[in-house]
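# Descriptive structure summary
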Amino acid sequence: MIFRYMFIATSVFLAACGGGSQSDGSTPAVTTPSSGQDTPPPVVEPEPVPEPVPEPNILSLENVTVPAQFDWSMYKDDEVKIKTVSTTMRPDGALAGIGGKHFMKIVALDANHNEVENPLQKSLTDRTGETRTKLKFPSEWYGVKIEVTVGNKLCSKVFSKDEITGEIEVPCDIEIPVGDGE
Amino acid sequence: MNMKYSLSLGIALVFQTPYVFAAATETNTVDNQDGTFTYTQKINKDSTSPHYVAPSGYGFNYYSHSGQDYGWQHSFSEASNPLVKIQSATLLIRGFDIDSEAFHGTSGEYDGISVDGNDLNPGLLQGTNGTWSETPFDVPTSYILDDGLMDVFLDIDMNHNYVWWKTTLDYSLLTITYAITANDAPYTPTLNGSPQGCATANNDFVVDVSNSDNADPDGDAVSYEYRWFVDIGQGEVVDDEVAGKTDHTGNTVLSSEVNAGETWRVQVIATDSNGLVSDPAFFTWMLGENDSDCDGINDNNDDYPNDDKRASNNYSVESTLAYEDLWPDKGDYDLNDLVITNRFNVIKDANGLVKQIDLTGSIQARGATLASGFAIAFSGTTSANVESINMAINGQSEAVTAEAGHSSELVVAVLKNTHSATNDSLTYSFFNTQSGDERSVIPVTMSLIFVEPVNPLAIGNAPFNPFIYRVSDRGREVHLPNYAPTALANTGFFKTGADNTEVGGETYMTPAGHPWALEISTSWLHPMESVDIIQAYPAIQDWAESRKARGATWYSTPVSGKCWKCN
């Protein structure tokens, strides 16, 4: 008897686990003609066999063919180095970085390029005018706008999400006096 | 004095003439005939290993720029003698064309010097364009006496990478005057600065030594030497006279000397009646300029203008976490065993480090019979760094502690039992997953404050590493795909049932790549009980099978009647 109760309890438990429950699947009772009947049974036309209704090919997530290394993330989530640069060209052809700790604000732009109300990040750059950060926002959004305040000057640049990778530069129209180290 | 060190002293007295190590470094010890000795060591272009290995094309005697930083090593072998006590220790660096004039502002050439990884004061070499200059640094005695080695590093143009800022060093001269005595050096001064905290240009700066009544382990009389530094906009402090100020040598700087936006620092060294010196102590004043808490962020941009430990609110985008709880066995993919919305405010200080994390969320559904807990793992910090954790579930507040058993990360159980918060109905055994069950979501808040702010790159982005675990079996954790298990996870479940977790590789997915949990990047109406997510949101198939090329907003196109409140 105890095994029977365990079976019932286990069945209920498994049905409830994970919210997964099978359909009741109740079956109608079978009726049998009583013996000794005089009336011949009626001729029963066979019911037409219905055309099988095609089952949808996909009924469960487990039938989805998942590409290799698919991560199920719905976000753009990358580490990036952001540099504040001036309009002064270095001898090696790169733009000169603007040293000093600058206030930087990073605002996400939604799919319609509208600024999302609360900035993703607000902080000071390091003393070299750079910051390294991980930016995360929904992958269907457009990108970000980065604003940097250098002294009294506000500089900004918009980056699409595809541009936010590795090292990106926010240019500021500030001329750096070239030193005379040579 | 024991025999060993008597012998050592004897040897030192016999060999007072200049001597040179195997390396071509000028090293000399002079007996001052007053019981003290003066040791000097000069390192330059001719020095060799272990003191200096000349880089190719730069280094001493070469014009070198920001990409050509280099280092050298001073040594003081007498440091191993515990009776050697230091009366003074200076590092003097001679260089040419040190363009650190203050008028350059933050654009100037600033060459930082560190010893054993610690920045010295002043914070940069001091000198002018086209001239030779010498910058003296007081070297803390502890840097010398710990192992007798001082690794010095020159960071040229430390604030930029301007190739036009170049400098040439002639030599680095270490000078140590010491005595061999059983007498001990004074204690490091304990400083009280006035005003405390954020200063204004109307304040006189005064520093007092609070341990002057117990300043020396031998009870010797002690005097104090003051050296003042100021940053007037260069980003690093220099000697006050170098910055065009008065050369202050007392314990006070008058308000007439200071300006808004400056940073002032005083160095105090105690000297006892035997001439032995302590390690230096420092006190720093920052003068805000439209910056009430002097954290460096203008009040207009500061979300916490009167709190120097906090500067900015950084909000994550609201998301929905949806879990299956039968791991490692397959569930029914209704992704509603726990559905919890979340939005985090990561509160950072002025340096961008994380001081506090606030969670605002809600339990939206619990379509499970199994009782689960919901927790978040934070990498880059541990429970030892927690100042406080406060939680509120459905308005009921409680202070909680971090979960024990994690030594390399911090884990906070936000919900210890999802059932206890969601079992208020006699009609519905689940919560908000059955037809007609449309109860209000249950608000959840958490506020986590760190003692020391945490590197945001180490702690990662919200929602960090959220997971559920079985209340009756703590080791059975369910994480988002490719998130790591915690130290309390029972890894014996890996690769059992339907799981294909590879430690160090893909985690919490089946061999076919199906997950047990998803983070949906917005608020979301979860599938009804036993309704597979693919039936409620068919577009997820195309999204997954196209490798996200299509169907990016699959979560916004539900099938009517298949998900909660989407009839």
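Residues numbered from 1 in each chain as written. Chains lettered and ligands numbered in written order. Predicted model: local features only at pLDDT ≥ 70, side-chain atom pairs only at ≥ 80, totals over all residues. Heavy atoms only, no water.

Overall, the coordinates contain 3 cavities of 30 Å³ or more when judged by the stated rule. Size it by volume and the largest cavity reaches roughly 320 Å³. For the largest cavity, the lining is made up of 26 residues, of which Leu120(A), Lys134(A), Val346(B), Asn461(B) and Ala462(B) are closest to its centre. Listing elements by their share of the lining of the largest cavity, those giving two or more residues are β5 (130-138) of chain A together with β18 (312-315), β20 (338-348) and α4 (456-459) of chain B. The element contributing the most residues to the lining of the largest cavity is β5(A), with 6 residues. Taken together, the residues of the lining of the largest cavity sort by class into 14 nonpolar, 8 polar and 4 charged. If you add up the space inside the second largest cavity, you get close to 40 Å³. Around the second largest cavity sit Asp325(B), Leu370(B), Ser372(B), Ile468(B), Tyr469(B), Arg470(B), Arg476(B) and Val478(B), which together line it. (1 Å grid on protein atoms, 1.4 Å probe; cavity = no way out; pocket = protein on both sides within 12 Å on 5 of 7 lines; lining within 4 Å. Points joined across faces, edges and corners; volume = space filled by probe spheres on them. Helix = DSSP H or I, 4+ residues; strand = E, 2+ residues; numbered from the N terminus. Nonpolar A, V, L, I, M, F, W, Y, C, P; charged D, E, K, R; others polar.)

Let us now look at unusual backbone geometry. Residue and element names in this part refer to chain B. The omega torsion across Asn-121 and Pro-122 is 0°, close enough to zero to call that bond cis. Mapped onto the elements of the fold, Pro-122 is located in the loop between β7 (118-119) and β8 (132-138). In this structure, the amide linkage connecting Trp-327 to the following residue, Pro-328, adopts the cis form with an omega of 10°. A positive phi angle, close to 55°, is found at Asn-394, a residue other than glycine. By secondary structure assignment, the location of Asn-394 is in the loop between β23 (386-393) and β24 (396-399). Asn-394 sits in the partly exposed class, given a relative accessible area of 47%. The phi dihedral of Asn-482 falls on the positive side, at around 70°, and the residue is not glycine. Within the secondary structure, Asn-482 sits in the loop between β28 (473-479) and β29 (517-520). By relative accessible area, Asn-482 is classed as partly exposed at 33%. (Buried < 20%, exposed > 50% of the residue type's maximum accessible area, 1.4 Å probe, protein only.)

Before going further, it helps to spend a moment on the interface of chain A and chain B. At the interface, 63 residues of chain A touch 78 residues of chain B. Counting each side, the surface lost to burial between chain A and chain B is near 5900 Å², with a carbon and sulfur contribution of 55%. Across the chain A-chain B interface, the total number found is 6 salt bridges. With a closest N to O distance of 2.8 Å, Glu236(B) and Arg127(A) form a salt bridge. (Contact = heavy atoms within 4.5 Å. Buried area = accessible area lost by both parts, 1.4 Å probe. Salt bridge = Lys/Arg side-chain N within 4 Å of Asp/Glu carboxyl O.)

As used here, a disulfide is simply a covalent bond connecting the sulfur atoms of two cysteines. On inspection of all chains with the given rule, the structure shows 3 disulfides over all chains. Note on cysteine connectivity: Cys155(A) is disulfide-linked to Cys172(A), with sulfurs 1.6 Å apart. The chirality of the disulfide connecting Cys155(A) with Cys172(A) is right-handed, given an S-S dihedral of about 70°. Within this pair, whereas Cys155(A) is found in strand β7 (residues 153-160), its partner Cys172(A) is found in the segment after β8 (166-171), the two being separated by 17 residues in sequence. Assigned by exposure class, Cys155(A) and Cys172(A) land together as buried. Covalent S-S linkage joins Cys198(B) and Cys294(B), the inter-sulfur distance amounting to 1.7 Å. Taking the torsion about the S-S bond as the criterion, the Cys198(B) to Cys294(B) disulfide, at about 70°, is right-handed. Separated by 96 residues along the polypeptide, Cys198(B) in the loop between β11 (191-194) and β12 (205-209) and Cys294(B) in the loop between β17 (281-286) and β18 bring together distant segments of the chain. Cys198(B) sits in the partly exposed class, given a relative accessible area of 28%. Of the residues examined, Cys294(B) reaches a relative accessible area of 7% and is grouped as buried. (Disulfide = S-S within 2.5 Å.)

We now examine the domain arrangement of chain B. Residues and elements named next belong to chain B. Segmenting chain B into domains produces domain 1 (6-180), domain 2 (191-286) and domain 3 (319-556). The gap between the C-alpha centroids of domain 1 and domain 2 is 24 Å. Between domain 1 and domain 2, the residue contacts involve 24 residues of the former and 21 residues of the latter. The tally of links between domain 1 and domain 2 comes to 1 salt bridge. With a closest N to O distance of 2.8 Å, Asp-138 and Arg-227 form a salt bridge. At the junction of domain 1 with domain 2, the criterion picks out 12 residue pairs in polar contact (both at pLDDT 80 or more). When residues of the side of domain 1 that touches domain 2 are assigned to their parent elements, the largest contribution, 4 residues, is made by strand β5 (residues 84-96). The residue inventory of the side of domain 1 that touches domain 2, partitioned by class, reads 10 nonpolar, 11 polar and 3 charged. (Domains from an automatic or database assignment. Polar contact = N/O pair within 3.5 Å; in protein donor to acceptor, adjacent residues only side chain to side chain.)

So, on to the environment of Thr149(A). All names here are of chain A. Relative to the helices and strands, Thr-149 is located in strand β6 (residues 143-150). Taking the relative accessible area as the measure of exposure, Thr-149 reaches 24% and is therefore partly exposed. Note: C-alpha distance between Thr-149 and Gln-121 (28 residues apart in sequence) is 14 Å. With residues near it in sequence (within four places) discarded, Thr-149 still touches His-102, Phe-103 and Leu-154.

Residue and element names in this part refer to chain B. Strand order in the open sheet formed by 4 strands is β25-β22-β27-β28, with antiparallel pairing between adjacent strands. At either end of the open sheet lies a strand with only one pairing partner, and these are β25 (409-415) and β28. For this sheet, the mean inter-axis angle between neighbouring strands, taken without regard to orientation, is 35°. The pairing of strand β27 (residues 465-470) with β28 spans 4 bridges and is antiparallel. Bridged to Ile-468 within β28 is Val-478. (Pairing = 2+ DSSP bridges. Axes fitted to C-alpha atoms, helices over the stretch in contact; angles between N-to-C directions.)

On to the side chain of Glu147(A), then. Residues and elements named next belong to chain A. Checked against the element boundaries, Glu-147 lands in strand β6. For Glu-147, a relative accessible area of 14% puts it in the buried group. Of note is the side chain of Glu-147, whose polar atom sits 3.3 Å from the side chain of Lys-145.

This part covers the UniProt feature "domain: DUF4842" (unreviewed entry) in chain B. Mapped onto the present numbering, the UniProt feature "domain: DUF4842" (unreviewed entry) falls at residues 354-555 of chain B. Secondary structure across residues 354-555 of chain B divides into 10% helix and 34% strand, with the first and last C-alpha atoms of the span separated by 31 Å. (UniProt positions renumbered as here; feature names shortened; annotations may be inferred.)

All names here are of chain B. Read across the sheet, 4 strands follow the order β4-β9-β6-β7 without closing on themselves; strand pairing throughout is antiparallel. This sheet does not close on itself; its edge strands, each paired only once, are β4 (70-75) and β7. In this sheet, strand β9 (residues 149-155) lies alongside β4 in antiparallel orientation, the contact comprising 6 bridges. Bridge pairing in β9 places His-74 opposite Met-150.

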